[in-house]
Amino acid sequence: MAKSQVPARKSSGHICARHAICFECFRAGAERTRARREAWAQRSLPFEVAPPPQLSARELAHRRQMLEHLAQSARRA
Ligand SMILES: [Zn+2]
């Protein structure tokens, strides 16, 4: 009785199974984690968005009106 053979993926070296992880996938995950950590560490450098300015009472009222308007349009949709 012949067992069906799973083709080996030797070209990429990607050999992880459902419940295991191969070195290629482990390394890819570690690199993503490192990239996130570096992005977090550099969060105060050039790409930082300026903090929002203090809003006046009138500006706040206007934003609330806009939000209410959007909420109403969403309810109608
Ligand atoms: Zn893998």
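Residues numbered from 1 in each chain as written. Predicted model: local features only at pLDDT ≥ 70, side-chain atom pairs only at ≥ 80, totals over all residues.

Engineer: Give me the overall build of the protein: which residues, what numbers.
Structural biologist: Counting its secondary structure elements, the protein contains two helices and zero strands. Residues classed as buried in the protein amount to 0% of the 77 residues present. (Helix = DSSP H or I, 4+ residues; strand = E, 2+ residues; numbered from the N terminus. Buried ≥ 20, exposed ≤ 12 C-beta atoms within 10 Å, placed from the backbone.)

Engineer: Which residues make up helix H2 (residues 57-76), and what are the values?
Structural biologist: Between the first and last C-alpha of H2 there are 29 Å, a value that for 20 residues agrees with the 28 Å anticipated at 1.5 Å per step. Counting buried residues in H2 gives zero out of 20 residues, a small share hidden from the surface. (Expected span 1.5 Å × (residues − 1).)

Engineer: So what about helix H1 (residues 23-41)? Which residues, and what values?
Structural biologist: Between the first and last C-alpha of H1 there are 26 Å, a value that for 19 residues agrees with the 27 Å anticipated at 1.5 Å per step. H1 sits mainly on the outside: zero of its 19 residues count as buried.

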